[in-house]
Amino acid sequence: MTDETPKPAATVGPLAEIAATLPERGSLLGLDLGTKTIGVATCDPDRRLATVVETVKRTKFTQDAERLMVLANERKAVAFVLGLPLNMDGSEGPRVQASRAFARNFARLSGLPIAFWDERLSTVAVERALISADVSRAKRANVIDQHAAAFILQGAIDFLNGRRF
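Positions within a chain are numbered from 1, following the residues in the order the chain's sequence is written. Totals for whole chains, interfaces and linings use every residue, but because this is a predicted model, local features are given only for residues with pLDDT of at least 70 and side-chain atom pairs only at 80 or more, for both listing and counting. Side-chain figures throughout are based on the complete set of non-hydrogen atoms in the structure, without hydrogens or water.

Concerning the packing of aromatic side chains
The line we're drawing: Here a Phe, Tyr or Trp ring, Trp counted by its six-membered ring, pairs with any other such ring whose centre lies within 6.5 Å, and the pair is stacked when the planes are under 30 degrees apart, edge-to-face when over 60, and tilted otherwise. Runs of H or I in DSSP of at least four residues are treated as helices and runs of E of at least two as strands, each being numbered from the N terminus. Partly exposed describes any residue whose relative accessible area lies between the buried limit of under 20% and the exposed limit of over 50%, with all areas from a 1.4 Å probe on protein chains only and scaled to the type maximum. The criterion is that NZ of a Lys, or CZ of an Arg, lies within 6 Å of the ring centre and within 35 degrees of the ring normal, and then a charge sits over that ring.
If you walk through the whole model with that rule in mind, you get four aromatic pairs. Ring centres of F61 and F102 lie 5.4 Å apart, and the angle between their planes is 75 degrees; this geometry places the pair in the edge-to-face category. Here F61 is found in helix α2 (residues 61–74), whereas its partner F102 is found in helix α3 (residues 94–110), with 41 residues between them in sequence. Overall, F61 belongs to the partly exposed group, its relative accessible area being 28%. Here F102 falls in the buried class, since its relative accessible area comes to 5%. With a centroid separation of 5.4 Å and an interplanar angle of 45 degrees, the aromatic rings of W117 and F159 are classed as tilted. Residue W117 is located in strand β6 (residues 114–118), and its partner F159 is located in helix α5 (residues 137–164); the two are separated by 42 residues in the primary sequence. Ring pairing ties together the aromatic residues F61, F80, F102 and F106, which thus form one cluster. Directly above the ring of F116 sits R100, whose terminal nitrogen or CZ lies 5.1 Å from the centroid.

Laid out in structure tokens, this is it:
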């Protein structure tokens, strides 16, 4: 990120709370934040279908953020949807706190809104779908995070589309 100009403060919060502040159109980038990787997915500007993009291998926060911004700029993304790994009972554990901290720090750099979306069981659902599609274990390991990001993003865009009708 070579541009040192401060970006305006970005909105960070649950999708249900910030949905009204998002532009009507524009692609979104879905993120499945893990300790070693970040799964990335995107959607079309009309927000109908989420598709996988890539799995970013985590290094340092600044490098991870730069890669995510490159992907966002390439796709003209207007916001991010970050999976929030709540516990099964809805409580928040250390992974949720790490996700919230990542979002706060990333929002300062990106200047784009970041919406949280409940990701409980997303990886489990994706793994089952990949197994039923007879995807090998090695191939699953390489793509599961980006498919989980697409699963998270699809849930979020379905929610947004349901609000329009």
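Now that the structure is up, let's keep going.
Focus on the environment of R25
Our working definition: Two residues qualify as a contact provided that any one of their heavy atoms is within 4.5 Å of a heavy atom in the partner residue. Nitrogen and oxygen atoms within 3.5 Å of one another constitute a polar contact, given that in protein one can donate a hydrogen and the other can accept it, and given that sequence-neighbouring residues count only through two side-chain atoms.
Of note, R25 is situated in the loop between α1 (15–18) and β2 (28–33). Dropping the residues within four chain positions of it, R25 is found in contact with P45, D46, R47 and V78. Among the polar contacts listed, one links the side chain of R25 to the side chain of D46, at a separation of 2.7 Å.

Remarks on the pattern of salt bridges
As a reminder of what qualifies: Any carboxyl oxygen of Asp or Glu that lies within 4 Å of a side-chain nitrogen of Lys or Arg is treated as forming a salt bridge with it.
In the structure shown here, the tally under the stated rule is six salt bridges. Two residues, R58 and D64, come together in a salt bridge whose shortest N-O distance is 3.3 Å. By relative accessible area, R58 is classed as partly exposed at 27%. When its relative accessible area of 2% is taken as the criterion, D64 is described as buried.

Quick notes on the sheet that holds β6
Our working definition: If DSSP finds at least two bridges between two strands, the strands pair. Think of each axis as a best-fit line through the C-alpha atoms, taken over the contacting stretch in the case of a helix, with angles from 0 to 180 degrees between the N-to-C directions.
With respect to topology, six strands assemble into an open sheet ordered β1-β6-β5-β2-β3-β4, the strand pairing being mixed. Strands at the two margins of the open sheet, each flanked by one partner only, are β1 (12–14) and β4 (50–57). Strand-to-strand twist across the sheet, computed as the mean angle between neighbouring axes with direction ignored, equals 25 degrees. Strand direction decides the pairing type here: β2 and strand β5 (residues 79–84), joined by four bridges, are parallel. Directly across from L31, in β5, lies its bridge partner L82. Together, β2, β3 (37–43), β4 and β5 form the strand contacts of α2, whose direction differs from that of β4 by roughly 155 degrees.

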